Amino acid sequence: MAPLTALVLAATLALPGSSPDPVGVWPLQPQPEVVHGFDPPESPYGAGHRGVDLLGSVGQPVLAALPGTITFAGALAGRGVVVVDHGVTRTTYEPVAHTVAVGSVVAAGSPIGTLELAGSHCFPRACLHWGWIEGETYLDPLRLVGAGPVRLLPLWRDTPLLRRAGVPVDRPP
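Residues numbered from 1 in each chain as written. Predicted model: local features only at pLDDT ≥ 70, side-chain atom pairs only at ≥ 80, totals over all residues. Heavy atoms only, no water.

This part covers unusual backbone geometry. Cis geometry marks the peptide bond from Gln29 to Pro30, where omega comes out at -5°. For Pro30, the position within the fold is in the segment before strand S1 (34–36). For the bond running from Phe123 to Pro124, omega is 15°, close enough to zero to count as cis. Along the polypeptide, Pro124 turns up in the loop between strand S9 (111–115) and strand S10 (126–134). (Helix = DSSP H or I, 4+ residues; strand = E, 2+ residues; numbered from the N terminus.)

Encoded structure:
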């Protein structure tokens, strides 16, 4: 997959009744290539890709995408993992040699560790697996940096423009 660029439409328009996504930062700088995108599972135990893989280099600083509190920093299933709690959501980063302690409060863009090779989803290349979770629901973390899926919305909020102008919607003006 080619690197994402600023040409990606990045508007985070809120649907009625929903709140806009928080604005975060890329966990690797400069903006990395997305090697493997988000592919949520169809069931809690189903196959899928519960985050994105970002191409990086061994030893590269890994940054918190959003401000929050470190709730896990250690080894899990043989790879270094850091979890940052943001209240309603949390972000996950692996494989990472953590440089933060559980309970630490971090700002968006704060270093939380360095990228490791062991446990990389892109082995033999070094990739950061970056996840975003709300409760038990996996979300596309690229939404945090405006690079998630583009949502096309109608030009009207509640009523089509033609109907507001007194023109029946089922026939052209």
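And the narrative resumes.
With that out of the way, let us pick up the environment of Gly74. Within the secondary structure, Gly74 sits in strand S4 (residues 68–76). We classify Gly74 as buried; its relative accessible area is 14%. A C-alpha to C-alpha distance of 9.9 Å links Gly74 and Thr99, two positions 25 residues apart in sequence. If sequence neighbours within four positions are ignored, Gly74 has contacts with Arg79, Gly80, Val81 and His98. (Buried < 20%, exposed > 50% of the residue type's maximum accessible area, 1.4 Å probe, protein only. Contact = heavy atoms within 4.5 Å.)

With that settled, consider the confidence of the model for the chain. When the pLDDT values of the chain are averaged, the result is 81; 74% of them are 70 or greater. Here residues 1–17 is a poorly scored stretch, pLDDT under 50, and it has 23 contacts once near neighbours within four places are set aside; other chains count. (pLDDT = per-residue confidence, 0-100.)

One number sums up the size of the largest pocket: a volume of about 280 Å³. Contributing to the lining of the largest pocket are 14 residues, with Leu76, Arg79, Thr92, Glu94 and His129 lying nearest its centre. (1 Å grid on protein atoms, 1.4 Å probe; cavity = no way out; pocket = protein on both sides within 12 Å on 5 of 7 lines; lining within 4 Å. Points joined across faces, edges and corners; volume = space filled by probe spheres on them.)

A separate point is the sheet that holds strand S3 (residues 61–63). Think of a sheet as strands paired side by side through backbone hydrogen bonds, with each pair either parallel or antiparallel. If you walk across this open sheet you meet the three strands as S3-S9-S7, and the pairing is antiparallel. A strand with exactly one partner marks an edge of an open sheet, and here the two such strands are S3 and strand S7 (96–98). Ignoring strand direction, the axes of neighbouring strands in this sheet form an average angle of 45°. Here three bridges tie S7 to S9, and the two strands are oriented antiparallel to one another. Within S9, the position partnered with His98 by the bridge is Gly113. (Pairing = 2+ DSSP bridges. Axes fitted to C-alpha atoms, helices over the stretch in contact; angles between N-to-C directions.)

Strand direction decides the pairing type here: S4 and strand S8 (residues 105–106), joined by two bridges, are antiparallel. Note that in S8 the partner of Gly68 across the bridge is Val106. Summarising the sheet, S4 and strand S5 (residues 79–85) pair through seven bridges and their orientation is antiparallel. The partner of Leu76 across the bridge, within S5, is Arg79.

Here strand S6 (residues 89–94) lies mainly inside the structure; five of its six residues are buried. Bridging between S5 and S6 involves four bridges; their strand directions are antiparallel. Its bridge partner lying in S6, Val82 is registered against Tyr93. Turn length for the S5-S6 hairpin, with the two strands adjacent in sequence and antiparallel, is three residues, and the turn residue Gly87 shows positive phi of about 100°. The pairing of S6 with S10 spans six bridges and is classified as antiparallel. When the sheet's bridge partners are listed, Thr91 is paired in S10 with Trp132.

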